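Chain by chain, the residues:
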Amino acid sequence: ERRPDLVRIDDFGVARPVDRGAVQRFKGAKGTYRLLPSPPRFVLLDELATAYERTAEVQGMPGWPSEGHTGDALASLERALDLRRRSHAIAPSSPAAELTEARLLVRLGTVLAARGATRVALVRHLEALAIYRGEAAPLPTRERLELAQALVAVGDDLWEMGDVPAAGLRYREARTE
């Protein structure tokens, strides 16, 4: 259920009802109230992006119990990526947000590879790798594992494209992570 704004704060700091419906709700409700601000827009975009990611998991993530609809999963993951990037454009990006984007890029690449779009998958996997490697601080254990998984995904893409020596190099890199 969408809940419309009830009040707006004007330039003088006075809370004013935004429409007749809000006026009717406030009639007879005299008293002192604490106003809570709405969450910033970037928080809502991040929450919506997470919902699209979870939807993709059910729709068709390769190797996961799912409905097997990789096309739908791909569309959901692309939408999630768009929302995350719009969120980061509004609010300053944090290392955690960047790592979340990297994780999403690996998932996108995995779906693309499963659908036979190996070159596009490689681009997404390399984008993720650049984020993981661009982190200034040493990565925590979970993110080191994700980095290794991204390296293996790049190796798989290269192998599929026929570049076996380059794939072997990525696999060896993954072992050292």
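What comes next concerns the included structure. (Residues numbered from 1 in each chain as written. Predicted model: local features only at pLDDT ≥ 70, side-chain atom pairs only at ≥ 80, totals over all residues. Heavy atoms only, no water.)

## Structural notes on the overall build of the protein
In terms of helices and strands, the protein carries seven helices and two strands. Helices and strands in the protein line up, N terminus first, as β-β-α-α-α-α-α-α-α. Over its C-alpha atoms the protein spans a radius of gyration of 22 Å, topping by over 25% the 16 Å that the globule rule assigns to 177 residues. When the backbone C-alpha atoms are referred to their principal axes, the protein occupies close to 75 × 40 × 25 Å. (Helix = DSSP H or I, 4+ residues; strand = E, 2+ residues; numbered from the N terminus. Rg over C-alpha atoms; globule rule 2.2 N^0.38 Å.)

## Description of helix α3 (residues 70-90)
Taking 1.5 Å of rise per residue, 21 residues should cover 30 Å, and α3 covers 30 Å from first to last C-alpha, within 8% of that figure. Along α3, the positions that sit buried rather than exposed are Ala 73, Leu 74, Ser 76, Leu 77, Ala 80, Leu 81, Leu 83, Arg 84, Ser 87 and His 88. Considering only its buried residues, α3 is in contact with α2 (41-60), α4 (95-114) and α5 (118-134). (Expected span 1.5 Å × (residues − 1). Buried < 20%, exposed > 50% of the residue type's maximum accessible area, 1.4 Å probe, protein only. Contact = heavy atoms within 4.5 Å.)

## Here we look at the nonpolar core
Within the largest apolar cluster, 33 residues are counted, with the highest numbers of intra-cluster contacts made by Leu 77, Ala 128, Leu 129, Tyr 132 and Leu 147. Counting only elements with at least two residues in this core, the list comes to α2, α3, α4, α5, α6 (141-160) and α7 (164-176). Ranked by the residues each element gives to this core, the list is headed by α4, at eight residues. With residues near it in sequence (within four places) discarded, Leu 77 still touches Glu 53, Ala 56, Met 61, Leu 104, Arg 107, Leu 108 and Val 111. (Core = buried A, V, L, I, M, F, W, Y, C linked by side-chain atoms within 4.5 Å.)

## Some remarks on the pattern of salt bridges
One pass over the full model with this rule turns up 16 salt bridges. Notably, a salt bridge pairs Arg 84 with Asp 46, separated by 3.4 Å at the nearest N-O pair. Pair noted here: Arg 84 is in helix α3 and Asp 46 is in helix α2, with a separation of 38 residues, a long-range link. Each member of the salt-bridge network shares a partner with another, and the members are Asp 46, Glu 53, Arg 54, Glu 57, Arg 84 and Arg 107. (Salt bridge = Lys/Arg side-chain N within 4 Å of Asp/Glu carboxyl O.)

## Remarks on the packing of α3 against α4
Contact pair α3 / α4: the axes reach a minimum separation of 10 Å and the direction vectors enclose 160°. The orientation of α3 with respect to α4, classified from their angle, is roughly antiparallel. At the point where α3 passes α4, the crossing takes the left-handed sense. Here α3 contributes Thr 70, Leu 74, Leu 77, Glu 78, Ala 80, Leu 81, Arg 84, Arg 85 and His 88 to the contact with α4, which in turn contributes Ala 97, Thr 100, Glu 101, Leu 104, Leu 105, Arg 107, Leu 108, Val 111 and Leu 112. Among the residues making up the contact of α3 with α4, the classes are represented as 10 nonpolar, three polar and five charged. (Axes fitted to C-alpha atoms, helices over the stretch in contact; angles between N-to-C directions. Parallel < 35°, antiparallel > 145°, perpendicular 65-115°, else oblique. Left-handed = near helix turned anticlockwise from the far one by under 90°. Nonpolar A, V, L, I, M, F, W, Y, C, P; charged D, E, K, R; others polar.)

## Looking at the side chain of Arg 124
Checked against the element boundaries, Arg 124 lands in helix α5. Classification of Arg 124 by relative accessible area gives buried; the value is 14%. If we ignore the near neighbours within four places in the chain, the residues touching Arg 124 are Glu 78, Leu 81, Arg 85, Leu 105, Leu 108, Gly 109 and Leu 112.

## Topic: the packing of α6 against α7
Between α6 and α7, the shortest axis-to-axis distance is 8 Å and the interhelical angle comes to 170°. Considering the angle they form, α6 stands roughly antiparallel to α7. Contact residues: α6 offers Ala 148, Leu 151, Val 152, Val 154, Gly 155, Asp 156, Leu 158 and Trp 159, while α7 offers Val 164, Ala 166, Ala 167, Arg 170, Tyr 171, Glu 173 and Ala 174. For the contact of α6 with α7, the per-class residue count stands at 11 nonpolar, one polar and three charged.

## Considerations on α4
Between its first and last C-alpha atoms α4 spans 29 Å; for 20 residues at 1.5 Å apiece the expected length is 28 Å, and the two agree. Buried within α4 we find Ala 97, Leu 99, Glu 101, Ala 102, Leu 104, Leu 105, Val 106, Arg 107, Leu 108, Gly 109, Val 111 and Leu 112. Residues of α4 that are buried make contact with α2, α3, α5 and α6. Two residues or fewer after α4 comes Gly 116, characterised by a positive phi angle close to 90°.

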